[in-house]
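Given next are the chains, with one letter for each unit.
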Amino acid sequence: MTNIAVVGAGTMGTMHAASCRALPGATLAWVVDEDPERAASLAAPTTARATADLAEALADPALDAVILAVPTPSHRALTERAAAAGKHVFCEKPIALTLDDARAMTAACERAGVRFMVGHVVRFFPEYARIGALLDAGSVGEVGVVRASRVNAYPFVGRGWYSDFAWSGGPILDMMIHDLDTLRWYFGEIARVYARGLSYTPHRAAVDYALAIVRFANGVVAHVETSWAHSGFRTSIEIAGSGGIIRHASDETTSLRLEQTAPAAPVRGVNVPHSPLAESPYQTELRHFLDRIADGGPILTGGDEATRSLAAALAVLESVRTGRAIPFTDGWPMLESQGLVSDIPVTV
Amino acid sequence: MEPLRVGMISFAHDGHASSYATCLGQIPGVELVAIADDDEARGRKYAERFSTVYYAAYHDLLARDDIAAVIICSENARHREMVAAAAEAGKHILCEKPLTTTRADGEAMIAACRAHGVKLQIAFPMRFSPPTIALREAVRGGAIGTPLMVKATNPGRMPPGWFSDPALAGGGATMDHTVHVADLLRWIFGHEIVSVYAEIDARLHPGLPTDDIGLMLLGLDGGLSASLDASWSRAKTWPIWGGLTMEVIGEGGVLALDAFNQNVQLFDDDAGHYSLVPYTGGGDPALVRAFIDAVRDDTPPPVTGEDGLRALEVALCAYGHEPVSCPDALLG
Ligand SMILES: NC(=O)c1ccc[n+]([C@@H]2O[C@H](COP(=O)([O-])OP(=O)(O)OC[C@H]3O[C@@H](n4cnc5c(N)ncnc54)[C@H](O)[C@@H]3O)[C@@H](O)[C@H]2O)c1
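Note that the structure is predicted; figures quoted are calculated from it, not measured. (Residues numbered from 1 in each chain as written. Chains lettered and ligands numbered in written order. Predicted model: local features only at pLDDT ≥ 70, side-chain atom pairs only at ≥ 80, totals over all residues. Heavy atoms only, no water.)

1. Regarding the overall build of chain B
The cut-off we apply is this: Only DSSP runs of H or I with at least four residues qualify as helices, and only runs of E with at least two residues qualify as strands; both kinds are numbered from the N terminus onward. For this measure, only C-alpha atoms enter the radius of gyration; the expected value for a globule follows 2.2 Å times N^0.38, where N is the number of residues. Residues are treated as being in contact if the distance between any of their heavy atoms lies within 4.5 Å.
Along its length, chain B carries twelve helices and 14 strands. The globule rule puts the C-alpha radius of gyration for 332 residues at 20 Å, and the 20 Å found for chain B is close to it. Projected onto its principal axes, the C-alpha coordinates of chain B cover approximately 55 × 55 × 40 Å. Across chain B, the fraction of contacts at a sequence separation of at least 24, relative to all contacts at a separation of at least 6, is 70%.

Okay, here's the thing in structure tokens:
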């Protein structure tokens, strides 16, 4: 049994707390949030203790691991504290906003001898895992050109900190990083990227958007779209090879659809998944974390992988900012800035 | 009233040529009176199908005084020679896209038509496709506020024959499929394309002597950016030849065009896969009609040789400096 503290009782913390409760190998032992009410309300229906003080949870010798679901700028400090306390760390993506922070986190966990996993959950989505398996089986021959897309609405209220570019890095660090990470998993290291987007463009409306062309070292060419300009969330991926095409689009695989007669039946708070699964991808990723803690085996989305995906996202941002293509060597981009450049005003 | 007599030179681009021939037949007062093709079997086949006269040598067709206009659907690299000859013979010209394969040829074609006082229209049927027209009107009507970014695709199955012979086509997928979207971008947004970044490769068809992957990011003057996927990436089992999509991201919303998404689904056991069967004629009827109107009314054609050249330059630029952007090549 692995005793877990969920740190950050927001959207993702709530998700991870549910995974802890669903997985037989995990116990939700602590809920930590700097806002004590949030911690208390997430802990309430469980046997977990709530606290606003991470130190209190880290001092619990029975605690094995922490799940960090706090805004990205806090990832490094909390990872280092948890590692120093000898707790395994699962940290939400993006790992950090700078490569220095990302490397320091990985090093801190190595030094402390604790496992470190970053929540690149798309690799654990069954559709993306299935695509990976199809690619491994050579289902479409030699892969040529790929299109990946992940769009969402602008994060206004409720996701307050996301609209602060200096905290989130906008949709490139928040969303495109998922596809960059997944494509790296499929096709290996990147050779160069070029991108255009709105992250550094002052505009009146609240929209952010980017398009990137990614060339992989193995020759695959990919088009990657990320958006905070649409009205809702959806993803798609298409992989064209010499022997056929693999594609998946989230809005074409709806296995359950709810239509209520508005406005009599408000749907607020009712969450009906479009594609109900026996095990959520968040449970699958947490199970991977627990299994690797138990057997010491390689973690699919460890610190180095997450740092490389962060570097790829930073390269896309730098290309958007500078208008130049960014070359990579051995999977690492040649960057002017090793971290998020956020001092360019974004007019919202 | 005398009918307007039209000749067609080469059915090398046979899909489009036969569509244009069909469209001609639907316009009152217009007659397709001759087809010239140096591929005799092909020429005779279509001459018979469209109940018209066959010539082996296009010069013989051009020598006929009763023919006022020609439609040229030869291989890309042969457009120049045929357009120049037709202009010299005083025929108005509808020329298949892309204009040609080099900038010098394109400029020479435009100059020849100007010198002989004939009209030169380029066959960009997407300007006449009802969904595309509706997109343009919605954008220009302010439906999504100021346009900021565009995501476009124009993928297809690899066409057979000369399309993948660089000597005749001037390139592969990127030459074949860049110009439609390049022209639409100019036409919809009213801005020129001033920078091109491209990743071009051949990975999908083993042994292909030219590219089958063309992925581009374009910059327009005025600040708009657009991506374009021109790849021959549709599988043989894909339900339709390809398509053209354009998603416009504006300050106030998103407008998504899927221009060829007007089909019925056909599940045919003999085909081994399902197919999408169009229920509209696309832009070809209005394209041909516009050319005929320009000839009859002696008005400027709605799509000019210059339009063809601007679109061609984007493809040439994409091939030019991989993978750097090359605004100079376009601006200079
Ligand atoms: N894997 C995914 O698909 C995915 C999706 C969304 C968010 N995320 C990532 O998850 C992380 C959290 O995002 P979220 O949407 O859940 O945020 P959120 O704003 O919903 O919740 C964050 C919570 O953390 C608390 N908090 C902030 N700083 C803290 C600190 N120092 N100590 C303790 N508590 C603190 C806040 O009070 C809040 O309750 C981010 O890194 C984000 O990028 C990942």
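Having seen the structure, we can now continue with the description.
2. Focus on the overall build of chain A
We count it as follows: When accessible area is computed with a 1.4 Å probe and restricted to protein chains, residues below 20% of their type maximum are described as buried, those above 50% as exposed, and intermediate ones as partly exposed.
Of regular secondary structure, chain A possesses ten helices and 14 strands. Over its C-alpha trace chain A gives a radius of gyration of 20 Å, about what one expects of a compact globule, namely 20 Å for 348 residues. Its C-alpha atoms put chain A at 55 × 50 × 45 Å along the principal axes. Every one of the 348 residues in chain A was classed for burial, and the buried ones make up 56%.

3. Looking at the interface of chain B and chain A
Just so we agree on the cut-off: The buried area of a pairing is the accessible area, by a 1.4 Å probe, that goes missing from both parts when the two are put together, added over both. Note on definitions: salt bridges are taken to be side-chain nitrogens of Lys or Arg within 4 Å of carboxyl oxygens of Asp or Glu. In protein, a polar contact requires one atom able to donate a hydrogen and another able to accept it; more generally it is a pair of N or O atoms within 3.5 Å, and residues adjacent in sequence count only if both atoms are side-chain atoms. When residue character is reported, Ala, Val, Leu, Ile, Met, Phe, Trp, Tyr, Cys and Pro are called nonpolar, Asp, Glu, Lys and Arg charged, and the others, Gly included, polar.
With 36 residues of chain B at the contact, the number on the chain A side is 39 residues. Carbon and sulfur atoms make up 61% of the surface buried where chain B meets chain A, a total of about 3,000 Å² over both sides. Here chain B and chain A share seven salt bridges between them. Across the chain B-chain A interface, the total number found is 14 residue pairs in polar contact (both at pLDDT 80 or more). Among the elements of the structure, strand 7 (147-153), strand 8 (193-201), strand 9 (213-220), strand 10 (225-229) and strand 11 (245-250) of chain B are those that each provide at least two residues to the side of chain B that touches chain A. Residue composition of the side of chain B that touches chain A, by class: 18 nonpolar, nine polar and nine charged.

4. Digging into the site of the ligand
All names here are of chain A. Keep this limit in mind: Residues are counted as near a molecule or strand when any one of their heavy atoms sits within 4 Å of it. Computed by Shrake-Rupley with a 1.4 Å probe, the accessible areas treat only the displayed protein chains as cover when residues are assessed.
Near the ligand you find 22 residues, and of these Met-12, Asp-33, Arg-38, Trp-161 and Tyr-162 are the closest. Contacts to the ligand include Met-12, whose backbone N or O atom sits 2.8 Å from an oxygen atom. Measuring from an oxygen atom of the ligand, one finds a side-chain N or O atom of Asp-33 at 2.5 Å. Bound to the protein, the ligand loses 86% of the 860 Å² it would expose on its own. Here the shell around the ligand is composed, by residue class, of ten nonpolar, seven polar and five charged.

5. Some words on the nonpolar core
As a reminder of what qualifies: Residues enter a nonpolar core if they are buried and are Ala, Val, Leu, Ile, Met, Phe, Trp, Tyr or Cys, with the set joined through side-chain atoms within 4.5 Å. Start and end points for every domain follow an automatic or database-based domain assignment.
Ranked by size, the top nonpolar core spans 93 residues in total, and within it Met-8, Ile-93, Leu-185 and Met-246 of chain B carry the most contacts. Tallying contributions element by element places helix 9 (residues 179-189) of chain B first for this core, with eight residues. Two domains each donate at least three residues to this core, and these are domain 1 (4-124 + 283-303) and domain 2 (127-281 + 313-330) of chain B. If we ignore the near neighbours within four places in the chain, the residues touching Met-246 of chain B are Leu-135, Val-150, Lys-151, Ala-152, Val-181, Leu-184, Leu-185, Ile-188, Leu-255, Ala-256 and Leu-257 of chain B. Within the second largest apolar cluster, 75 residues are counted, among which are Val-118, Val-122, Phe-165 and Phe-328 of chain A.

6. Concerning a nonpolar patch on the surface
We count it as follows: Residues forming no salt bridge and having over 30% relative accessible area are the ones grouped into patches, like charges within 9 Å of each other and nonpolar side chains (Val, Leu, Ile, Met, Phe, Trp, Tyr) within 5 Å.
Together, Val-264, Leu-266, Val-277 and Tyr-279 of chain B make up a nonpolar patch on the protein surface, roughly 350 Å² of accessible area in all. Looking at the secondary structure, you find Val-277 of chain B in strand 14 (residues 274-278).

7. Some thoughts on the state of the cysteines
Residue and element names in this part refer to chain A. The test is simple: Cysteine sulfur pairs qualify as disulfides if the two atoms are within 2.5 Å.
In total, this model carries zero disulfides over all chains according to the counting rule given. Unpaired in this structure, Cys-20 has its nearest cysteine sulfur neighbour in Cys-91, at a distance of 15 Å. With no disulfide of its own, Cys-109 has Cys-91 as its nearest cysteine by sulfur position, at a separation of 8.9 Å.

8. A closer look at the side chain of Thr-52 of chain B
All names here are of chain B. On the secondary structure map, Thr-52 appears in the loop between helix 2 (40-49) and strand 3 (53-55). A polar side-chain atom of Thr-52 sits 3.0 Å from the main-chain carbonyl oxygen of Leu-32. Filtering out sequence-adjacent residues up to four positions away, Thr-52 remains in contact with Leu-32, Val-33, Ala-34, Ile-35 and Ala-47.

9. Some details on the packing of aromatic side chains
Rules: When the centres of two rings from Phe, Tyr and Trp lie within 6.5 Å, Trp using its six-membered ring, the rings pair. Their planes under 30 degrees apart give stacked, over 60 give edge-to-face, and anything left gives tilted. In our convention, an over-ring charge means Lys NZ or Arg CZ found within 6 Å of a ring centre and within 35 degrees of that ring's normal.
Tallied over the full model, the rule gives 15 aromatic pairs over all chains. Seen in terms of ring centroids, Phe-11 of chain B and Phe-50 of chain B are 6.4 Å apart; in terms of plane orientation they differ by 40 degrees. Their pairing is tilted. Taken together, the residues span a long stretch of sequence, with Phe-11 of chain B in the loop between strand 1 (4-9) and helix 1 (14-25) and Phe-50 of chain B in the loop between helix 2 and strand 3 at a distance of 39 residues. Under the relative-accessibility criterion, Phe-50 of chain B is labelled buried at 19%. Through pairs of rings, three or more aromatic residues link up here, namely Trp-185, Tyr-186, Phe-187 and Phe-216 of chain A. Of note, Arg-103 of chain A hangs over the ring of Trp-332 of chain A, and the distance from its end group to the ring centre comes to 4.6 Å. One Lys or Arg, Arg-234 of chain B, reaches over the ring of Trp-238 of chain B and ends 4.5 Å from the middle of that ring.

10. Side note on the domain arrangement of chain B
How big an interface is tends to be stated in terms of accessible area lost as the parts join. All names here are of chain B. You can read the domains of chain B as domain 1 (4-124 + 283-303) and domain 2 (127-281 + 313-330). Taken together, the 22 residues of domain 1 in the interface contact 18 residues of domain 2. Together domain 1 and domain 2 conceal approximately 1,700 Å² of surface at their shared face, both sides included; 63% is due to carbon and sulfur atoms. The three residues of domain 1 that bury the most area against domain 2 are Lys-97, Arg-103 and Phe-124, which together make up 34% of that side's buried surface.

11. Some points on the pairing of strand 11 (residues 234-241) of chain A
Residues and elements named next belong to chain A. Inclusion rule: Any two strands are treated as partners once DSSP identifies two or more bridges connecting them.
In terms of residue burial, strand 11 counts as a mostly covered element, since six of its eight residues are buried. Across eight bridges, strand 7 (residues 143-151) lies against strand 11 in antiparallel orientation. Residue pairing for strand 11: Ala-148 is matched across the bridge by Ile-237. Pairing geometry for strand 11 and strand 12 (residues 244-249), over six bridges, is antiparallel. Note on strand 12: the bridge partner recorded for Glu-238 is Arg-247. Two successive antiparallel strands, strand 11 and strand 12, enclose a turn made up of two residues.

12. Thoughts on the packing of helix 5 (residues 103-115) of chain B against helix 11 (residues 305-320) of chain B
Residue and element names in this part refer to chain B. To keep it simple, the criterion reads: Helix axes are fitted to C-alpha atoms over the stretch in contact, other axes to C-alpha atoms as well, and angles between N-to-C directions run from 0 to 180 degrees. The cut-offs work like this: below 35 degrees is roughly parallel, past 145 is roughly antiparallel, 65 to 115 is roughly perpendicular, and the gaps in between are oblique.
Viewed as axis vectors pointing N to C, helix 5 and helix 11 meet at an angle of 180 degrees, and their least axial separation amounts to 10 Å. By the criterion of interaxial angle, the relationship of helix 5 to helix 11 is roughly antiparallel. Contact residues: helix 5 offers Arg-103, Gly-106, Glu-107, Ile-110 and Arg-114, while helix 11 offers Gly-305, Glu-306, Leu-309, Glu-313 and Leu-316. Among the residues forming the contact of helix 5 with helix 11, the class breakdown is three nonpolar, two polar and five charged.

13. Quick word on the side chain of Gln-121 of chain B
All names here are of chain B. Locating Gln-121 in the fold gives a position in strand 6 (residues 120-123). The class for Gln-121 is buried, based on a relative accessible area of 0%. Not counting chain neighbours up to four residues away, the residues in contact with Gln-121 comprise Ile-93, Leu-94, Cys-95, Phe-128, Leu-287, Ala-290, Phe-291, Pro-301, Pro-302 and Val-303.

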